[in-house]
Amino acid sequence: MRTEVLVIGGGATGAGVARDLSLRGIGCLLLEMGDYCHGASGGNHGLLHSGGRYAVKDPGSAIECASENAILRRIASFCIEDTGGLFVSLPCDDREFGQRFRDACRETGVRTDELTIKEALLLEPGLDPRTRECVAVQDGSIDPFVLVQANVDQARTNGGVVHNHCRVTGMTVQDRLVTQVEYLDRRDGQKHLVRPEVVVNAAGSWTPDMAAMAGVRIDMALDQGSMLVFDGRLCHHVLNRLRPPSNGDIAVPNHTSTIMGTTSRPAASYEDARVMRSDVELLMREANSLLPSSSVTRTIRTYCGVRPLLGASGGRDASRSFNILNDEAAENLLSVAGGKLTTYRLMAEKVADRVCLMLGHKGHCRTHLEELSPGPPSPLSGGIGNARLHRKHGAVSTEMGGQPSSVVCSCEQVLRSEVEHHLEGQDVLSIDDMMRRTRIGMGYCQGLDCSLTVLDMFVERRGVEAVPLLEEFLEERERGQRHASGEQLRQELMRWSLMQGVYGLGGRRR
Amino acid sequence: MRTALVVGLGAAGTFASICLAKKGWKVLAVGKGTSSCAMSTGCLDGSGMDPECLRELSRLFQASGMPLVGGIDEKRTGITNLGTRYDCTLSAPGSTWVQGHGPRSITVLGMGKHPSLRPNLVASVLRSWGMDARPQIVPMDIPGESSLTAAFRDQGHLDRLVNGIREAWGETVLLPPLFSLKDHGRLDELERRGGRRLLEAITPLGTPGERFHQVLEDGAREAGVEIWTGRRVTALRTEGDLITGADVQGGLETRTVGLDAVLLATGGPLTDGLLLHQTGLDDPFGLFLVKELGQGPHDLMLSGYAHRGGRLLSRSGTPMANAFAAGDCLAYSLRSPGKGLGDAISSAWGAVRTMEVP
């Protein structure tokens, strides 16, 4: 298939566009500079929005979220946990907001169900017993890594070509058209050229940089958000505060943890992604008021994302909607700005429609009809590891299952066969890539032992140089431990003493 | 006879207990959990150690049947279970060589799929620093989570290993630690039967640390130290600047013991002094001054109890009459990660000398 379209960016939007175009029979190449979800698609809560959060202030986004939520549950049920969501009002929250919220939900088509306090506390015994109001919505917990990988896989099945670890380094513009794009592939360390008819710039926070290569200026506000990972599941539902959207008002149960977030501050650039001590303190405080038991729960790590928001102002007031930009300086370059994980498919559909218009192609969108993974799957027998695989990947899990006894990461119950499966594919180049797909190294010990086992498998199958790969992984994990406290800090000190003291790796050398 | 309470059963606490007992103290040593000594590589940086302290330590190892090799300033090198170089001055026999006299060619031997030594990984890292290394796997079915020391009490496993060593290439064979303290002599036997020089990989969180800990614990029992494991000192009783007693909790029972001196060797960062969701240290007894050094989370390793002339300081900064500390729970302005074991032994030696002065 010819490369008619080049998609830059392997976040949810880019992968969604590649899937959509491929399903319409349009040849496309997707290039991602890091791993999929390396930007905001990975740096978020993993929350499948019902739309409730935006109903009052951003009704357009709420309507989009409500309809996309239903579609994603249909096409990607394997990576969505139907936790449901609750909006709860605590004594310190504005009482009047509750009514505004209900009215707005009704107007935007976001389904709500009233719960009495007694019902709410039965469903969520961990909630602050002083809760005054509770409204149930259709929120869910979603694994963005699995979702995006499934989009990539389906794009490939339908003829699309997708490469991660390929950084776009330059564009040639002639007669107001991008004629040639140059990129660097980490696999061979070489520069390559591609001559597409249309370029889709879905680079998230990097969108302005990409556009600038074609001489196009895009204004985008970058906004940093921090998240705090608590050990274990402190709640069964996604919990939202029933108050105007502000910092630290959402808790999402996610795999073996609970993710508390987020914060919002303007970021100078996409590299300005540092989690501040004050963010951690705020999230801890807010978690304690929503779920009192969090005050006696260990925190595992912090992480963050940089949201690419529409317009130059940004912050909480910026719309979470999206826009497709096209500039006369480069007529065949479409830049996607804004948006959010829950509405990624809709964005991709709109972008693909525009691409079809430009190419004079008559194909129709099928992404809301085709399931992302063949179903229904039959559960694999034996062990927590296999059960977890099935829950996460659906039918595809049969290719990854294995002997329950061969667990490589005991914190997260990752099977050896799962790691082997990913090593056979083309996407995994580093231990970080393996972690995003399997959760190795995401538990208490942050990869103290399993990283070495995985490294051994890399060396055996790929013949790569081991130490730089390990140092890359250690650096990433260490970033999340900068604000470690209590038991986790003690664990981190042990990990650090071992890696640095025994192996001479990672961190600063004294 | 004066009674000393030693809190902490790691390297510093146990070594100090032995030295105190030999100096005529009645010693009660109390500790809970696994010490970092038992999780260490069992190798020491002895530079700057008092020669007399080294003699005492060497005597303990000699008596255990696994003598230490090296000395105060003898630069030695070994290979970690990742394949990186590891430098020290004192180690168990068969795990390091005198710098400049190391092997040039080596076979890295894995025990089936057991994660104790991953031959492909280790050989690849060894080659990256210029060692001629090859991986080899001895076919064996030892579950990953079970210990090799138990598996290699079995003669069948041992015979298969001997064959593996015979088939190996090069002058030296790198192995994971296979023998506990009691069985350590079998390494020589293995070397004889295999006909090749054997080198034990420097391995944290396993047998070498356990052996080191065992030597000290055996030495303490031999010296007449009373050891209470699995118990915790919950409070210290004071009269002015004098500690007079301690509450020791074990299971449901709490006992109060009288004492003439207390030596804290609770490891670092202060056990129980690091509270959930807090990033700083505090003294769990609520009595002593804690000094925080540095800024980042890893600098906590430097932080710990403040002291003057070996005596712990009260919260107001005045020296306590009979409270001392040793090892990682002390504040050090200079400490490299991985060098704590040598510091622990030296500071225990120093603390005992301070305690002798009336």
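On a predicted model such as this, the values are computed, not experimentally measured, just so you know. Positions within a chain are numbered from 1, following the residues in the order the chain's sequence is written. Here chains are named by letter from A upward and ligands by number from 1 upward, in the order in which they appear as written. Given that this is a predicted model, residues contribute local features only at a pLDDT of at least 70 and side-chain atom pairs are listed and counted only at 80 or more, while totals for whole chains, interfaces and linings are drawn from all residues. The side-chain values count all of the structure's non-hydrogen atoms but skip hydrogen atoms and water molecules.

Asks: What exactly am I supposed to notice about the sheet that holds strand β7 (residues 97-98) of chain B here?
Replies: In sheet architecture, strand pairing relies on hydrogen bonds along the backbone and comes in two forms, parallel and antiparallel. All names here are of chain B. Here the rule is simple: two strands pair whenever DSSP picks up at least two bridges between them. Each helix is a run of H or I in the DSSP string that is no shorter than four residues. Each strand is a run of E no shorter than two, and both are numbered from the N terminus. Strand order in the open sheet formed by 3 strands is β5-β4-β7, with antiparallel pairing between adjacent strands. Here the strands that pair on one side only, and so sit at the sheet edges, are β5 (85-88) and β7. Relative to β7, strand β4 (residues 76-79) is paired through 2 bridges, and the arrangement is antiparallel. Paired with Thr 77 across the bridge in β7 is Trp 97.

Asks: Would you explain the interface of chain A and chain B in this entry?
Replies: By a widespread convention, an interface's size corresponds to the accessible area lost as its parts come together. Contacts were defined at the residue level, with two residues in contact if any of their heavy atoms lie within 4.5 Å. Of the residues lining the interface, 44 residues belong to chain A; the matching set on chain B comes to 35 residues. A pair is scored as a salt bridge if a Lys or Arg side-chain nitrogen falls within 4 Å of a carboxyl oxygen belonging to Asp or Glu. Applying the counting criterion to the chain A and chain B interface returns 1 salt bridge. Among the ionic pairs, A:Asp449 bridges to B:Arg118, the shortest N-O distance being 3.3 Å. What qualifies as a polar contact is a pair of N or O atoms within 3.5 Å, subject to a donor-acceptor requirement within protein and to the restriction that residues adjacent in sequence count only when both atoms come from side chains. On inspection of chain A and its partner chain B, the count reaches 7 residue pairs in polar contact (both at pLDDT 80 or more). When residues of the side of chain A that touches chain B are traced back to their parent elements, those giving at least two are α7 (277-290), α12 (450-462), α13 (466-479) and α14 (486-502) of chain A. Per-element accounting of the side of chain A that touches chain B gives the leading share, 13 residues, to α14(A).

Asks: Even after reading the chapter, I still don't get empty space enclosed by the protein, so can you show me in this structure?
Replies: In this approach, a probe sized like a water molecule rolls over the atoms, and the result shows the empty space that is left. Residue and element names in this part refer to chain A. Definitions used for this entry: grid spacing 1 Å over protein atoms alone; cavity, a set of points where a 1.4 Å probe fits but cannot get out; pocket, an open set with protein on both sides within 12 Å along at least 5 of 7 lines; lining residue, one with an atom within 4 Å of a point. Grid points are joined across faces, edges and corners, and a volume is the space filled by probe spheres set on the points. Taken as a whole and judged by the stated rule, the model has 4 cavities of 30 Å³ or more. Space inside the largest cavity adds up to approximately 90 Å³. Class assignment of the residues belonging to the lining of the largest cavity gives a composition of 9 nonpolar, 4 polar and 2 charged. Of all the secondary-structure elements, those providing two or more residues to the lining of the second largest cavity are α3 (97-108) and β15 (238-241). Counted by class, the lining of the second largest cavity contains 4 nonpolar, 2 polar and 4 charged residues. In the scheme used here, Gly and all other residues not listed as nonpolar or charged are polar, with Ala, Val, Leu, Ile, Met, Phe, Trp, Tyr, Cys and Pro taken as nonpolar and Asp, Glu, Lys and Arg as charged.

Asks: What exactly am I supposed to notice about helix α1 (residues 12-23) of chain A here?
Replies: Residue and element names in this part refer to chain A. When the terminal C-alpha atoms of α1 are compared, their 16 Å separation across 12 residues agrees well with the 16 Å that a helix rising 1.5 Å per residue should span. Judged by how many residues are buried, α1 sits mostly within the fold: 12 of 12 residues are covered. Those residues of α1 lying buried are Ala 12, Thr 13, Gly 14, Ala 15, Gly 16, Val 17, Ala 18, Arg 19, Asp 20, Leu 21, Ser 22 and Leu 23. After α1 finishes, the residue Gly 25 shows a positive phi value of roughly 85 degrees. Here a helix's expected span is defined as the number of its residues, less one, multiplied by 1.5 Å. Burial here depends on accessible area, computed with a 1.4 Å probe over protein chains only, as a share of the maximum for the residue type. Under 20% is buried, over 50% is exposed, and the range in between is partly exposed.

Asks: Whenever I open this one, the nonpolar core confuses me. Can you help?
Replies: General note: in soluble globular proteins, nonpolar side chains tend to be found buried as a group. Residue and element names in this part refer to chain B. For our purposes a nonpolar core is just a set of buried Ala, Val, Leu, Ile, Met, Phe, Trp, Tyr and Cys residues, chained together by side-chain atoms within 4.5 Å. Among the nonpolar cores identified, the biggest contains 47 residues, and Phe 15, Leu 20, Leu 44, Leu 57, Leu 263, Ile 345 and Met 355 are the most heavily contacted of them. Going through the elements one at a time, β1 (3-7), α1 (11-22), β2 (26-31), α2 (51-64), α7 (207-222), β16 (261-264) and α8 (340-356) are the ones with two or more residues in this core. Once residues within four sequence positions are removed from consideration, Leu 57 is found in contact with Phe 15, Leu 44, Leu 68, Leu 216 and Ile 345.

Asks: Honestly, the side chain of B:Thr96 in this entry has me stumped. Any pointers?
Replies: Residues and elements named next belong to chain B. Along the chain, Thr 96 falls in the loop between β6 (90-91) and β7. In terms of polar contacts, Thr 96 uses its side chain to reach the side chain of Arg 76, at 2.8 Å. For Thr 96, the side chain forms a polar contact with the side chain of Ser 91, separated by 2.6 Å. Dropping the residues within four chain positions of it, Thr 96 is found in contact with Val 69, Arg 76, Thr 77, Gly 78, Cys 88, Ser 91, Leu 199 and Ile 202.

Asks: What is the right way to look at the confidence of the model for chain B in this model?
Replies: One rule of thumb: low pLDDT means the predicted coordinates there are not for detailed reading. Per residue, pLDDT measures the predictor's confidence, with a range of 0 to 100. Taken as a whole, chain B shows an average pLDDT of 93; of its residues, 99% reach a score of 70 or greater. Across the interfaces of the predicted complex, the ipTM metric reaches 0.92, alongside a pTM of 0.89.

Asks: Explain unusual backbone geometry here, please?
Replies: Peptide bonds are, in most cases, trans, and in most cases residues other than glycine have a negative phi. All names here are of chain A. That bond from Gly 261 to Thr 262 is cis: its omega, -20 degrees, falls within 30 degrees of zero. Residue position: Thr 262 is located in the loop between β17 (257-261) and β18 (265-266). Phi at His 165 takes a positive value of approximately 55 degrees, unusual for a residue other than glycine. Tracing the chain through its elements places His 165 in the loop between β9 (161-163) and β10 (166-174). Relative accessible area serves as the criterion here: at 6%, His 165 is assigned to the buried category. With phi around 50 degrees, Asp 175 is a residue other than glycine that occupies positive phi space. With respect to the helices, strands and loops of the structure, Asp 175 is situated in the loop between β10 and β11 (177-185). Looking at Asp 175, the relative accessible area reads 74%, which means it is exposed.

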